[in-house]
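# Examining the three-dimensional arrangement
What follows is the residue order along each chain.
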Amino acid sequence: MTLPNFLILGATRCGTSMLHHCLGFHPDIFMSDVKELQFFNRDTQFNEGISHYSKSFEQAGGVKIRGESTPLYLEGGIYTASGNYIDPLSDRSLKRINAVLPDSKFLISLRNPVKRAVSIFWKNYYQGKYGYTSFNEYFNTPANDSPTPDGFPHIIRRSDYALMLSNLFEVIPRDRCYVTIFEDWSKDISSELHEILTFLEVDPTFHHEAWFEKQNTADRYRKNAQFGQLIAGAWQERRFKKEQTHAEQEVFEHLRDSIGKLELLLQRDLSIWQPR
């Protein structure tokens, strides 16, 4: 039975599709054909058993690294068989991962948490999941989006990276985790991939021209949106740009302490995330 020994854990909307795509070209790395297997965070999948999960890696052959990418793993919660999402921002799915894949390595990509929250909002908007007309309206009506106890919408709370990484490091040793910052590598991915390949202990000198192709799932969501939804969304984004900027500032203030804790946790400066 062949199982993965490498997972991209998250976070959502932080370039995980691009990383999955690029790493899959390396001759010593196999990345699952389906990017998000969601085995450890969905009871319907997990209850199928490890043998079911292993089928996604049957074509890996003898490569050194076998991987998959499910960004929701980092959030730690579980989707029950009835579809309810329980224990968000916990370590439940992380404990499942460590129990099944105790010697694996993990990649985590983080992005400006404010921009990430906005990105999640517009992705959901184009998918028709929200009736809000703007991010500003969404942010100011949290009661309609299953808010956390502090009164903020769930997608804002989901940007508490410090809590998520603290949960992760309680379960998985830090030397098996590589944390990268989206803003650092999005303009020069080859140098960051060199570091990631070194972490994975495969040939770090490998490069591929496909690394420089744009892989943006936001474009796919827009393409799949209904035409009316697409036009309305583009108009709303432009119309409420000033109001969105104000809401973004409020989100940053809410997350300021979390970002400070993350800087201490990672021992790195994240002033790049400061509002401009």
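Shown above is the structure to which this text applies.
Residues numbered from 1 in each chain as written. Predicted model: local features only at pLDDT ≥ 70, side-chain atom pairs only at ≥ 80, totals over all residues. Heavy atoms only, no water.

Here we take up the pairing of strand β7 (residues 177-181). Summarising burial for β7: five of the five residues are buried, a large majority. Two elements, strand β6 (residues 105-110) and β7, share five bridges in a ladder whose sense is parallel. By the bridge assignment for β7, S109 is matched with T180. (Buried < 20%, exposed > 50% of the residue type's maximum accessible area, 1.4 Å probe, protein only. Helix = DSSP H or I, 4+ residues; strand = E, 2+ residues; numbered from the N terminus. Pairing = 2+ DSSP bridges.)

A word on the layout of surface pockets. Left-over empty space is what a probe sized like a water molecule reveals as it rolls over the atoms. Its volume calculated, the second largest pocket comes out at about 280 Å³. What lines the second largest pocket is a set of 14 residues, and nearest its centre among them are N112, K115, E248, P275 and R276. Residue assignment for the lining of the second largest pocket shows that the elements contributing at least two residues are α5 (113-126) and α13 (241-266). Ranked by the residues each element gives to the lining of the second largest pocket, the list is headed by α13, at four residues. A per-class count over the lining of the second largest pocket returns five nonpolar, four polar and five charged. (1 Å grid on protein atoms, 1.4 Å probe; cavity = no way out; pocket = protein on both sides within 12 Å on 5 of 7 lines; lining within 4 Å. Points joined across faces, edges and corners; volume = space filled by probe spheres on them. Nonpolar A, V, L, I, M, F, W, Y, C, P; charged D, E, K, R; others polar.)

One open sheet accounts for five strands, arranged β2-β3-β1-β6-β7; its pairing is parallel. Bordering the open sheet on either side are β2 (29-31) and β7, each of which pairs with just one other strand. When strand polarity is set aside, the average angle formed by the axes of neighbouring strands in this sheet is 25 degrees. The sheet contact formed by strand β1 (residues 6-10) and β6 spans four bridges and is parallel. The partner of F6 across the bridge, within β6, is K105. Lying on the sheet, helix α1 (residues 16-23) is in contact with β1, β2, β3 (65-69) and β6; it crosses β1 at an angle near 165 degrees. (Axes fitted to C-alpha atoms, helices over the stretch in contact; angles between N-to-C directions. Contact = heavy atoms within 4.5 Å.)

Here we come to α1. Each α-helix turn comprises 3.6 residues. Residues three or four places apart therefore point the same way. For α1, a buried count of six out of eight residues is recorded, marking the element as mostly surrounded by other parts of the structure. For α1, the full list of buried residues reads T16, M18, L19, H20, C22 and L23.

Under the definition given, this model contains 15 aromatic pairs. Considering the side-chain rings of F30 and F57, the 6.4 Å spacing of their centres and the 70 degrees angle between planes classify their relative orientation as edge-to-face. Of the two residues, F30 is situated in strand β2 and F57 in the loop between α3 (50-54) and β3; the sequence distance between them amounts to 27 residues. For the pair F30 and F57, one class covers both residues: buried. When the centroid spacing of 6.2 Å and the interplanar angle of 50 degrees are considered together, the rings of F40 and F46 count as tilted. Under the relative-accessibility criterion, F40 is labelled buried at 0%. A relative accessible area of 23% means that F46 is categorised as partly exposed. Linked through ring pairs, F30, F39, F40, F46, Y53, F57 and Y73 together constitute an aromatic cluster. The lysine or arginine in question, R42, covers the ring of Y79, its NZ or CZ lying 4.1 Å from the ring centre. (Phe/Tyr/Trp six-rings, centres within 6.5 Å; stacked < 30°, edge-to-face > 60°. Lys NZ or Arg CZ within 6 Å of the ring centre and 35° of its normal.)

A separate point is the packing of α1 against helix α10 (residues 189-199). The packing of two helices is summarised by the inter-axis angle and the distance between the axes. Relative orientation of the contacting elements α1 and α10 amounts to 70 degrees, with a least axis distance of 12 Å. By the angle class used here, α1 and α10 are roughly perpendicular. Read as a crossing pair, α1 and α10 show a hand that is right-handed. Facing α1, whose interface residues are M18, L19, C22 and L23, α10 presents I189, L193, I196 and L197. Tallied by class, residues from the contact of α1 with α10 come to eight nonpolar, no polar and no charged. (Parallel < 35°, antiparallel > 145°, perpendicular 65-115°, else oblique. Left-handed = near helix turned anticlockwise from the far one by under 90°.)

Counting across every chain of the model gives 10 salt bridges. Across the pair E248 and K115 runs a salt bridge whose closest N-O atoms are separated by 3.0 Å. With E248 in helix α13 and K115 in helix α5, this residue pair connects regions lying 133 residues apart in the sequence. For K115, a relative accessible area of 39% gives the class partly exposed. For E253, the salt bridge is made with R256, and the minimal N-O distance between the two is 2.7 Å. One end of the pair, E253, and the other, R256, are both in helix α13, three residues apart, so they sit about a helical turn from each other. Assessed through its relative accessible area of 36%, R256 is described here as partly exposed. (Salt bridge = Lys/Arg side-chain N within 4 Å of Asp/Glu carboxyl O.)

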